[in-house]
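# Reading the structure
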Amino acid sequence: MSEMATVVLQWGGHGPMGPHGGHGVAAGGATATGGMGLWWLAAGVLLLLALAGVSLAYVSRVRAASTETTPPKEADSAMRDLRTQYARGEIDDEEFANRAATLNLEWG
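The structure displayed is predicted, hence computed values, not measured ones.

So, how was this worked out
Residues numbered from 1 in each chain as written. Predicted model: local features only at pLDDT ≥ 70, side-chain atom pairs only at ≥ 80, totals over all residues. Heavy atoms only, no water. Helix = DSSP H or I, 4+ residues; strand = E, 2+ residues; numbered from the N terminus. Buried < 20%, exposed > 50% of the residue type's maximum accessible area, 1.4 Å probe, protein only. Areas by Shrake-Rupley, 256 points an atom, 1.4 Å probe, with all protein chains shown as cover. Patch = residues over 30% accessible without salt bridge, like charges linked within 9 Å, V, L, I, M, F, W, Y side chains within 5 Å. Salt bridge = Lys/Arg side-chain N within 4 Å of Asp/Glu carboxyl O. Core = buried A, V, L, I, M, F, W, Y, C linked by side-chain atoms within 4.5 Å. Contact = heavy atoms within 4.5 Å.

### So, the overall build of the protein
When you go through the protein residue by residue, the secondary structure sums to four helices and zero strands. Written out in order from the N terminus, the α and β elements of the protein read α-α-α-α. Across the 108 residues that make up the protein, the buried fraction comes to 6%. Within the structure as shown, the protein displays about 9,100 Å² of accessible surface, and the carbon and sulfur contribution to it stands at 64%.

### Quick look at a nonpolar patch on the surface
On the surface, a cluster of nonpolar side chains totalling about 540 Å² of accessible area is made up of Leu38, Leu41, Val45, Leu46 and Leu49. Summarising the element assignment, leucine 41 is placed in helix α2 (residues 37-69). The exposure class of leucine 41 is exposed, given its relative accessible area of 54%.

### As for the nonpolar core
Within soluble globular proteins, side chains that are nonpolar generally end up buried alongside one another. Core analysis: the biggest nonpolar cluster contains five residues, these being Met79, Leu82, Ile91, Ala100 and Leu103. At the level of elements, α3 (73-88) and α4 (93-107) are the ones that each hand at least two residues to this core. Those residues in contact with alanine 100 that sit more than four places away from it in its chain are Met79 and Leu82.

Right, here's the structure in full:
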C-alpha cells in the first residue's frame, strides 16, 4: 500500500500521461489553447489555393487548345467564296492555290 501512495504523490494526482491525458504538444495533439488549430487551417487554405491554381491552369490550356484548332468563321466564309469563284471559272488554278495558301497562313 505504501508503494501506491508514493506513486500517487509522485504524479500529483494526474495520470502517467500528465494533466491532459497525453493530448499535449509532446503527444502531437493540440494544446489547451488550440495552438495546432491555426496550422491545420493554414495548411487547408494553402491546399485549396494550390487546387484552384491547378484548375485554372488546366482550364486555360484547354480553352487555348480549342481556339487554336478551330478556324474562325471568317476563314470558312472566305474559303467558301474562293471555291465559288474557282467553280464559276472567275479564277484559274494558280490564283486559287495562291489565295488558298494565303488563307491557310492567316488562319491556319
